[in-house]
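# Observations on the model geometry
Residues per chain are reported as follows:
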Amino acid sequence: MDLVERAMLLAEQELAAELPTRWLHVQGVADRAKLAASTFSVEDGNLLVAASILHDVGYAPRLAKCRFHPLDGAAYLEDLKFPERLCALVAHHSCAYREAELRGVSAELARWTDESTPLRDALWWADMTTTPEGEPTSVHDRIEEIQKRYGPEDLVTFFIRQAKPELVGAVERTEKWLRVAGVDYTAK
C-alpha cells in the first residue's frame, strides 16, 4: 500500500464516523493538495497529498493527549512509523507554532522541524483555502470563518489573528507558484 492510500485509510478510520464535518474538510484539503502536487516531484507530491489527508487526524478524540491537534496527530503518526517529514508537516501545518506558543507546548512541537519550503506552503494553502465542509474558499474568508466559529475571546481566534500574515503569505506564494506552473485552481 502506498503512502497516500495508507493515509486515506487511516484518516477515514479516525475521522469519518466521529467527526464527519472534519472528514469533509480533510477530503477537500486533499483535493486542493492534489492540484498542487503536480508541481512537485512524484515523491514530494505524494508526501503533500498524504500530509493533507492526515493534517487533522489529531482531532480524533481517542488521539487527544495534549489537546493540540497538530502535535497529537504528529505523535500518533510517528508511533505508526509514518515518515518523519510527513510527521513534521502535520505538526507544523498552518502556522501551528503560533498556537503552540499560546498553549504552552512549543517545546513539544520543537521535536519536528518546520521545513519552510514551497511544499509546506502548499499544505498551508490547501488547508487555508478549504471550508469546514470541504469547499474551496479564499484565505481571507477562511480566516474570518475561523474567527466567527470560535468567537472573539477564544485562544484560536487570537492565534489566527497573529498567524494571518504568515498564512496569507504562504497562500500567496503558492498561488503564484501554481499560476506560473499553469495549474488551474479555483479560488473564491
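The text that follows walks through the structure, step by step, so that each part is easy to find. Just so you know, these numbers come straight off a predicted model, no measurement behind them. (Residues numbered from 1 in each chain as written. Predicted model: local features only at pLDDT ≥ 70, side-chain atom pairs only at ≥ 80, totals over all residues. Heavy atoms only, no water.)

Attention now moves to the overall build of the protein. Looking only at helices and strands, the protein features 10 helices and zero strands. Start at the N end of the protein and walk to the C end: the helices and strands fall as α-α-α-α-α-α-α-α-α-α. The C-alpha radius of gyration of the protein comes to 15 Å, within 12% of the 16 Å expected for a compact globule of 188 residues. By its C-alpha atoms, the protein is 40 × 40 × 30 Å across when sized along the principal axes. Residues counted as buried form 52% of the 188 residues belonging to the protein. (Helix = DSSP H or I, 4+ residues; strand = E, 2+ residues; numbered from the N terminus. Rg over C-alpha atoms; globule rule 2.2 N^0.38 Å. Buried < 20%, exposed > 50% of the residue type's maximum accessible area, 1.4 Å probe, protein only.)

Ranked by size, the top nonpolar core spans 62 residues in total, and within it Leu48, Ile53, Leu54, Leu77, Leu86 and Met128 carry the most contacts. It is helix α10 (residues 155-181) that provides the largest number of residues to this core, a total of nine residues. Among residues more than four places away in sequence, those in contact with Leu77 are Leu10, Leu54, Val57, Phe82, Leu86, Cys87 and Val90. (Core = buried A, V, L, I, M, F, W, Y, C linked by side-chain atoms within 4.5 Å. Contact = heavy atoms within 4.5 Å.)

We now examine the pattern of salt bridges. Side chains bearing opposite charge may pair, as long as their charged atoms lie close to each other. This structure, assessed with the given rule, holds 15 salt bridges. Across the salt bridge formed by Glu115 and Arg85, the nearest N and O atoms sit 2.8 Å from each other. Highlighted residues: Glu115 in the loop between α7 (106-109) and α8 (118-128) and Arg85 in helix α5 (residues 84-91), separated in sequence by 30 residues. In this structure Arg85 comes out as partly exposed when scored by relative accessible area, which is 33%. With a shortest N-O distance of 2.9 Å, Arg120 and Asp121 are connected by a salt bridge. (Salt bridge = Lys/Arg side-chain N within 4 Å of Asp/Glu carboxyl O.)

Another point: the packing of aromatic side chains. For the coordinates displayed, the defined rule picks out two aromatic pairs. The interplanar angle of 20° and the centroid separation of 5.5 Å between the aromatic rings of Phe40 and Trp177 together place this pair among those described as stacked. Linking Phe40 in the loop between α2 (20-37) and α3 (42-54) with Trp177 in helix α10, this pair joins segments that are 137 residues apart in sequence. Residue class for Phe40 comes out buried when judged on its relative accessible area of 16%. Judged by relative accessible area, Trp177 falls into the partly exposed class, the value being 36%. A ring pair is formed by Trp125 and Tyr185, whose centres lie 6.1 Å apart and whose planes are at 90°; its orientation type is edge-to-face. (Phe/Tyr/Trp six-rings, centres within 6.5 Å; stacked < 30°, edge-to-face > 60°.)

Buried residues dominate α8, accounting for 10 of its 11 residues. The inward-facing, buried residues of α8 contact α2, α3, α5, α9 (139-150) and α10.

All right, on to unusual backbone geometry then. Residues other than glycine seldom take positive phi values, yet Arg67 does so here, at roughly 65°. Mapped onto the secondary structure, Arg67 falls in the loop between α3 and α4 (69-79). A positive phi is found at Cys95, a non-glycine position, where the angle reads about 65°. Counting through the fold element by element, Cys95 comes out in the loop between α5 and α6 (96-103). Of the residues examined, Cys95 reaches a relative accessible area of 0% and is grouped as buried.

Taking 1.5 Å as the rise per residue, helix α1 (residues 3-16) with 14 residues should run 20 Å; its terminal C-alpha atoms sit 19 Å apart, in good agreement. Within α1 the residues assigned to the buried category are Val4, Ala7, Leu10, Ala11, Glu14 and Leu15. Angularly, the buried residues of α1 cover 135° about the axis, an arc narrow enough to put them on a single face. A distance of 3.2 Å separates the backbone nitrogen of Val4 from a side-chain oxygen at the start of α1, and that oxygen is part of Asp2. (Expected span 1.5 Å × (residues − 1). Arc of directions from axis to C-beta. Polar contact = N/O pair within 3.5 Å; in protein donor to acceptor, adjacent residues only side chain to side chain.)

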